[in-house]
Amino acid sequence: MDKANFPIEFNNEIDDVKKSENDIYTLAVDRLSKLAKGHNDISGAMVNLKQPAKEHQTAYINEVTIVVYLGSDHIAATEKGEQFQATLNGALDAVERQVRERRAQQRNY
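Residues numbered from 1 in each chain as written. Predicted model: local features only at pLDDT ≥ 70, side-chain atom pairs only at ≥ 80, totals over all residues. Heavy atoms only, no water.

Caption draft 1: Structural context of the packing of aromatic side chains. Throughout the structure, instances matching the rule amount to one aromatic pair. Between Phe10 and Tyr25, the aromatic rings sit 5.4 Å apart at their centres with planes inclined by 85°, giving edge-to-face as the arrangement. Placement of Phe10 in strand S1 (residues 8-12) and of Tyr25 in helix H1 (residues 21-36) is noted, with a sequence separation of 15 residues between them. Relative accessible area serves as the criterion here: at 22%, Phe10 is assigned to the partly exposed category. Using a relative accessible area of 31% as the deciding quantity, one classes Tyr25 as partly exposed. (Phe/Tyr/Trp six-rings, centres within 6.5 Å; stacked < 30°, edge-to-face > 60°. Helix = DSSP H or I, 4+ residues; strand = E, 2+ residues; numbered from the N terminus. Buried < 20%, exposed > 50% of the residue type's maximum accessible area, 1.4 Å probe, protein only.)

Caption draft 2: Structural detail: H1. Taking 1.5 Å per residue, 16 residues should reach 22 Å; H1 reaches 22 Å between its end C-alpha atoms and fits that length. For H1, the elements touching its buried residues are S1, strand S2 (42-50), strand S3 (62-70) and helix H2 (84-108). Where H1 terminates, the next one or two residues include Gly38, which has phi positive at roughly 80°. (Expected span 1.5 Å × (residues − 1). Contact = heavy atoms within 4.5 Å.)

Dropping the structure here:
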């Protein structure tokens, strides 16, 4: 497991994944740490897990939001889906892509 050199806030509101919460946190820390490796632009991150449809008669939909703080700016990705692991991976993929695109823009500026 990589250790992040920045604080990561973790909030889980999904009862079904509370048992594996530590594994989920570890996965998020590993992926975000790899994203930050060799760079000093990430100052913090936030991972939020919730089920916005829990109180309704619709199927439970998982929502994962990941925010990466880059100095005074931030990049956010929200993914919604029925399968939790796919939803988490989708949000991590999206935030990684956005951070890489931003870095490329700054190099070419």
